[in-house]
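Chain residues, written in single-letter form:
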Amino acid sequence: MDEREAALRQAHGHAVRWLASLSDRPVPARASVDEIVGALGVELPDAPSTPADVVDLLATACEPGLTAFPSGRFYGFVVGGTEPAALAVDWLVSAWDQNCVMRAASPAYTAAEEIAGAWLLDLLGLPPDSAVGFTTGATMANFTCLTAARDAVLRRADWNVAHDGLTGGPPVRVIAGQDRHMAIDLALRYLGLGRPELVRADEQGRIDPEALRRTLTTAGADHGPTIVILQAGDIHSGAFDPFTESIRAAHEAGAWVHVDGAFGLWAAASPAHSHLTGGCSQADSWATDAHKTLNVPYDCGLAVVRDPSALRSAMGLRGEYLIQHEHGDPVDKVPELSRRGRAFTVWAALRSLGRSGVADLVDRLCRHARTFATGIRAIDGATVLNDVVFTQVCAEFGDDERTDRVLARLLAEGTAWISGSTWHGRRVMRISVSNWSTTDEDVSRTLSAIRRASS
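Residues numbered from 1 in each chain as written. Predicted model: local features only at pLDDT ≥ 70, side-chain atom pairs only at ≥ 80, totals over all residues. Heavy atoms only, no water.

A. Fine view of the packing of aromatic side chains. Enumeration over the complete set of coordinates arrives at 11 aromatic pairs. Seen in terms of ring centroids, W96 and F344 are 5.1 Å apart; in terms of plane orientation they differ by 70°. Their pairing is edge-to-face. With a gap of 248 residues between them, W96 in helix α4 (residues 84–96) and F344 in helix α12 (residues 342–377) connect regions that are remote in the sequence. With relative accessibility at 9%, the residue F344 sits in the buried group. Here the aromatic rings of Y109 and F344 are separated by 5.3 Å at their centres, their planes lie at 80°, and the arrangement is edge-to-face. Here F344 lies in helix α12 and Y109 lies in helix α5 (residues 107–124), a separation of 235 residues in the sequence. Each member of the pair Y109 and F344 is classed as buried. Each member of the aromatic cluster is reached from another via a ring pair, and the members are F69, F74, F77 and W417. (Phe/Tyr/Trp six-rings, centres within 6.5 Å; stacked < 30°, edge-to-face > 60°. Helix = DSSP H or I, 4+ residues; strand = E, 2+ residues; numbered from the N terminus. Buried < 20%, exposed > 50% of the residue type's maximum accessible area, 1.4 Å probe, protein only.)

B. Summary view of the sheet that holds strand β5 (residues 256–260). With respect to topology, seven strands assemble into an open sheet ordered β1-β7-β6-β5-β4-β2-β3, the strand pairing being mixed. At either margin of the open sheet sits one strand with a lone partner, and together these are β1 (131–135) and β3 (197–199). The mean inter-strand angle of the sheet, taken between neighbouring strand axes irrespective of direction, is 20°. By the bridge criterion, five bridges tie β1 to strand β7 (residues 301–305) in an arrangement that is antiparallel. Counterpart to T135 in the pairing with β7 is G301. Against the sheet, α5 makes contact with β1 and β7, and its axis sits at roughly 115° relative to β1, the strand it touches most. (Pairing = 2+ DSSP bridges. Axes fitted to C-alpha atoms, helices over the stretch in contact; angles between N-to-C directions. Contact = heavy atoms within 4.5 Å.)

C. Spotlight on empty space enclosed by the protein. Counting across every chain of the model gives two cavities of 30 Å³ or more. Reported here for the largest cavity is a volume of approximately 60 Å³. Contributing to the lining of the largest cavity are G177, D179, R180, H181, I184, G205, I207, I229, L230, Q231, D241 and D260. Per element, the largest residue contribution to the lining of the largest cavity is three residues, and it comes from strand β4 (residues 226–231). Volume-wise, the second largest cavity comes out at about 50 Å³. In terms of lining residues, the second largest cavity is bounded by D90, V93, P297, Y298, D299, C300, R340, G341, R342 and T345. Listing elements by their share of the lining of the second largest cavity, those giving two or more residues are α4 and α12. Tallied by class, residues from the lining of the second largest cavity come to four nonpolar, two polar and four charged. (1 Å grid on protein atoms, 1.4 Å probe; cavity = no way out; pocket = protein on both sides within 12 Å on 5 of 7 lines; lining within 4 Å. Points joined across faces, edges and corners; volume = space filled by probe spheres on them. Nonpolar A, V, L, I, M, F, W, Y, C, P; charged D, E, K, R; others polar.)

D. Summary view of the pattern of salt bridges. Overall, the coordinates contain 22 salt bridges when judged by the stated rule. The partner of R342 in a salt bridge is D299, with the nearest N and O atoms 3.2 Å apart. Here R342 is found in helix α12, whereas its partner D299 is found in the loop between β6 (285–289) and β7, with 43 residues between them in sequence. With relative accessibility at 24%, the residue D299 sits in the partly exposed group. A single salt-bridge network, built from bridges that share partners, covers R25, R30 and E63. (Salt bridge = Lys/Arg side-chain N within 4 Å of Asp/Glu carboxyl O.)

E. Summary view of the nonpolar core. If you look at the biggest cluster of nonpolar residues, it comprises 58 residues, and the most contacted ones within it are F134, L294 and V346. By residue number, the principal contributor to this core is α12, which donates nine residues. When sequence neighbours within four positions are dropped, the list of residues in contact with F134 reads Y109, E113, A116, G117, L120, C300, G301, L302, V334, R342, A343 and V346. In terms of nonpolar packing, the next biggest core, distinct from the first, is built from 30 residues, V161, L188, W256 and L311 among them. (Core = buried A, V, L, I, M, F, W, Y, C linked by side-chain atoms within 4.5 Å.)

Structure representation (structure tokens):
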């Protein structure tokens with residue numbers, strides 16, 4: 001057995017043991033950063049080490065400091081686990097080591113990206129001729145779409161930002177709901193556009209379409225370059241903006257409409273929940289994260305732009321040494337040159353689940369969220385604050401101090417990870433049900449732990 005095979009066998013053994021431990025292990029990490037540093041060692045050795053020994057040292061030293069993110073009882077943030085086929089294919093992605101830039105360099109990757117992209121558009125009910133780019137995550141998916149939006153609205157105003165930059169050009173007006181996700185502000189900062197103008201949202205975080213219309217008309221007859229940002233799935237309530245009315249108002253004002261659907265865009269794949277995204281397909285671009293509701297490994301956002309030429313104009317590049325194809329290449333749709341074969345894992349998840357499996361996954365996550373809401377309402381002093389329409393549940397336990405005590409006790413006990421947040425000025429327990437592996441038993445165990453922590 002050569003060194004590479006030995007190292008791979010060692011990694012396989014550790015991975016299998018880690019995954020087998022998820023049903024019983026505490027969800028929070030059990031060791032501190034300093035303890036892990038001590039176990040790994042801080043001195044760089046002078047001599048080489050056997051690859052299998054390096055794998056063994058890292059896995060053994062780090063295991064106590066790992067949070068069980070893939071556990072069915074992790075409900076913090078909005079992150080999924082990893083669906084089995086996607087996990088296995090992700091190992092192949094590393095072994096294949098493809099640079100997924102050009103058709104000529106990796107025909108296999110380009111084929112998988114084109115198929116997976118078409119499947120995604122079909123499942124999400126988006127225009128079939130849209131361009132799909134595979135980014136690092138939802139933040140860069142938003143950045144990619146908003147770059148295409150910025151360049152397009154400036155181009156309509158006879159300004160070429162790619163050639164002339166932003167200095168001296170017409171100002172770009174960006175409008176969003178007051179409960180937009182912070183990743184939107186980050187993407188706009190990257191683009192040199194600053195903070196958006198904020199429009200009033202209701203108590204669930206849904207933008208008010210009439211307030212949006214009034215905001216759009218304050219610029220007078222000459223609206224100028226404008227981008228409107230909507231969201232599919234509020235980070236606290238899971239609520240969806242009223243797309244039909246909002247997009248109509250934006251398009252009447254000549255604005256580009258972008259939808260941040262990091263986890264909520266997947267509602268469109270479920271017949272039982274697709275009404276939540278009604279009208280969403282009329283937008284100009286959409287961003288989502290395949291690691292959230294679809295449950296592929298990390299490092300896989302999806303940027304979808306209705307007009308492929310707008311995305312290609314914003315992201316494409318030319319190099320004398322590149323072997324570029326007349327029909328376009330993956331490099332034309334995302335910021336990076338070097339990148340992992342992200343579409344392989346998306347293809348694997350979709351091929352494994354099929355259309356009905358994706359719908360069942362969405363429905364199951366939503367059902368678990370409703371079960372959480374019902375169970376929490378039965379706890380003395382607890383209140384569920386949001387309308388549970390998708391996968392998010394926000395609750396409080398009488399006052400901020402008690403809510404924080406419940407959260408602290410829950411994490412200390414270790415049965416589940418549920419993070420706190422502040423919503424509408426109140427401390428809340430925020431449950432995000434995102435993992436394909438979460439079972440009815442996981443939900444029952446977690447509710448029991450919440451009841452113990454609240455007593």
